[in-house]
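# Overview (structure and organization)
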Amino acid sequence: MGRTDAVAAELIGFRRSFRQCLSPWGDALFELCDAALCSPASVGSVPSLSLEPEFRRSHGSLYKSLADGDVDAVALRELLVEHRPKEWPLVFAVDASTWDRCDAECSPERGFHYSASKHSAGQPIVAGWSYQWISQLNWAPDSWTAPLDALRISPSMDGVDATVDQVKRLVGLLPSDGEVPLFVFDAGYDGVALGHGLADTGAEVLVRIASTRVFHPDPEPRRDGTVGRPRRHGPRFVLSDEKTWTTPDAELTTSVRCYGNVTVSAWHNLHPKLHGRGRWQDCKEPPIIKGSVIRVEVDHLPKPIGRIKKTLWLWWSGDGEPDLDRCWRAYLRRFDIEHTFRFVKGTLGWTTPSLQMPEQADRWTWIVIAAYTQLRLARRLVDDLRLPWEQRCDPTKLTPARVRRGFRRLRANLGTPAHPPKSSTPGPGRPKGSRKPPRTRYPAVKKAA
């Protein structure tokens, strides 16, 4: 009972602090978050949330809160870090997800971003907004994560610079006397540029790289009397050519039930050959950015039928040498953020509302993150309300969807810091005879390669 009371007190404290981050229209935004949590079905329509008993205001207040309300993102980030799971390791997954707005010609700051489910002109891209999330991971084999930050990356931003600033902002909120935080990225991110930008941050970067990459060690010491320009790169280290490999600097062999024997090899102090174009076009001489190349090989995959076993290559950068066991396990847990995206989109309705302005989408994104955080804090406070065809589940291992089913009962005991509505009298509405001018059209921005 003592532990349960402490968890309930933490959840109540989070709800009160979250309400203080919302102003103006804070009460309507807070009750909108509660309506998304307590809705018996998945959020298929945001206006329908105004019919939930947790939202005590009119549907007009719902629209106005998203249009004219405000979320203190700085205070909310600090609140999320304060209530992060302290027993989880400092391992964070960084990934972007697209909020598609293909036909929203009146919505500004849209760009073409990757989409796995929707295509445009035969390409896996859609026009919309791209949001980059940072979520803390856990070693437990479940789908829970702890989202701590979200950033909308507009087409005018540089992706690497925006990611570096986002990671630095989070590292500044984490305790500096604990373990070194590890940020895990999937393929598609420039691991070398990220490692260079985060060199002075005290954080580690782990990125998946293609098996066609080529790296170089330091060149051999120059002999006396040699003329010409000194060499900057040693012999080629081709990931796809085993003949170019040297003896690994570190190796690890372990056994896992799903993968069998896992062999991890690492080569330290390797660097790619950078050229004076793209990100390094303003440099007189591209820098030498060193890191570790990690190779992960397993005996078999969990579902070998129809799947080809591939060797996993990772790029690590940071101070010292990488912890191989931590690195390969962290990359496998990185896929938990995909379950988080699927839940917030399919159940909490993150990308459901047809909002016009990107600032409105930012407010709704923070509300969804706060709702997911409340579900994580309520894991041990709700009962398992399983459906007749579902199997029984350990009360300590409930999924986000099952926790959400029991949140309405829990909310009755938690109370709400939102004030009751002041008046139920409808407003005068739009004056007769008034007409709005046509809305401005904004084409989707396509960035050059």
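Here we summarise the structure given alongside this text. (Residues numbered from 1 in each chain as written. Predicted model: local features only at pLDDT ≥ 70, side-chain atom pairs only at ≥ 80, totals over all residues. Heavy atoms only, no water.)

### Digging into the overall build of the chain
Note the threshold: The way it works is that DSSP assigns letters per residue, a run of H or I at least four long becomes a helix, a run of E at least two long becomes a strand, and they are numbered from the N terminus. Atoms considered for the radius of gyration are the C-alpha atoms alone. The globule rule reads 2.2 Å times the number of residues to the power 0.38. A contact between two residues is defined here by any heavy atoms of the two lying within 4.5 Å. All accessibility values rest on the Shrake-Rupley procedure with a 1.4 Å probe; residue burial counts only the protein chains present in the view. This count recognises Lys and Arg as positive and Asp and Glu as negative, with His and chain-terminal groups excluded. The atoms used to mark charge sites are NZ of Lys, CZ of Arg, CG of Asp and CD of Glu.
Counting its secondary structure elements, the chain contains eleven helices and twelve strands. In summary, the chain has a C-alpha radius of gyration of 25 Å against a globular reference of 22 Å for 449 residues, a match within 12%. By principal-axis analysis of the C-alpha atoms, the chain measures approximately 90 × 60 × 45 Å. Across the chain, the fraction of contacts at a sequence separation of at least 24, relative to all contacts at a separation of at least 6, is 68%. Total accessible area on the chain is roughly 23900 Å²; 50% of this is exposed by carbon and sulfur atoms. Averaging the positions of the 64 positive and the 52 negative side-chain charges in the chain gives two centres separated by 6 Å.

### Some words on the pattern of salt bridges
The test is simple: Think of a salt bridge as a Lys or Arg side-chain nitrogen and an Asp or Glu carboxyl oxygen that are within 4 Å of each other. Between buried and exposed lies partly exposed: a residue is buried under 20% and exposed over 50% of the maximum accessible area for its type, with that area taken using a 1.4 Å probe on protein chains only.
The final tally for this structure, using the stated rule, is 31 salt bridges. A salt bridge links Glu54 to Arg408; its shortest N-O distance comes to 2.9 Å. Separated by 354 residues along the polypeptide, Glu54 in the loop between helix H2 (26-38) and helix H3 (59-68) and Arg408 in helix H11 (residues 407-414) bring together distant segments of the chain. Given a relative accessible area of 31%, Arg408 falls into the partly exposed group. Among the charged side chains, a salt-bridge network with shared partners connects Arg19, Asp27, Glu31, Arg56 and Arg57.

### Some thoughts on the side chain of Asn138
Considering the arrangement of structural elements, one finds Asn138 in the loop between strand S3 (125-136) and strand S4 (146-153). In this structure Asn138 comes out as buried when scored by relative accessible area, which is 13%. Aside from chain neighbours lying at most four places away, what touches Asn138 is Trp88, Pro89, Arg333 and Asp336.

### Things to note about the packing of H2 against helix H9 (residues 358-377)
For clarity, the cut-off: Note on method: axes are straight lines fitted to C-alpha atoms, helices fitted across the in-contact stretch only, with angles between N-to-C directions ranging 0 to 180 degrees. When an angle is under 35 degrees it counts as roughly parallel; over 145 it counts as roughly antiparallel; between 65 and 115 it counts as roughly perpendicular; any other value is oblique. Left-handed describes a crossing whose near helix is turned anticlockwise from the far helix by less than a right angle; the clockwise case is right-handed. Residue type decides the class: Asp, Glu, Lys and Arg count as charged, Ala, Val, Leu, Ile, Met, Phe, Trp, Tyr, Cys and Pro as nonpolar, and the leftover types, Gly among them, as polar.
Two elements in contact, H2 and H9, have axes whose closest approach is 9 Å; the angle formed by their N-to-C orientations is 55°. Between H2 and H9, the crossing angle belongs to the class labelled oblique. Here H2 and H9 pass one another in a crossing that is right-handed. Each of Leu29, Leu32, Cys33, Asp34, Ala36 and Leu37 in H2 lies in contact with H9, whose residues at this interface are Trp364, Ile367, Ala370, Ala371, Gln374 and Leu375. A class-by-class count of the residues in the contact of H2 with H9 yields ten nonpolar, one polar and one charged.

### Some details on the side chain of Gln136
Definition in use: Polar contacts here mean pairs of N or O atoms no more than 3.5 Å apart (in protein, one a potential hydrogen donor and the other a potential acceptor; neighbouring residues in sequence count only if both atoms are side-chain atoms).
Following the sequence through the fold, Gln136 ends up in strand S3. A polar contact of 2.9 Å, which involves the side chain of Gln136, links it to the backbone oxygen of Pro89.

### A short note on the nonpolar core
Filter applied, for reference: We call a set of buried residues a nonpolar core when its members are Ala, Val, Leu, Ile, Met, Phe, Trp, Tyr or Cys and they connect through side-chain atoms within 4.5 Å of each other.
If you look at the biggest cluster of nonpolar residues, it comprises 117 residues, and the most contacted ones within it are Phe183, Ile294 and Trp364. By residue number, the principal contributor to this core is H9, which donates eleven residues. Those residues in contact with Phe183 that sit more than four places away from it in its chain are Phe92, Val94, Ile134, Val167, Leu170, Val171, Ala203, Glu204, Val205 and Leu206.

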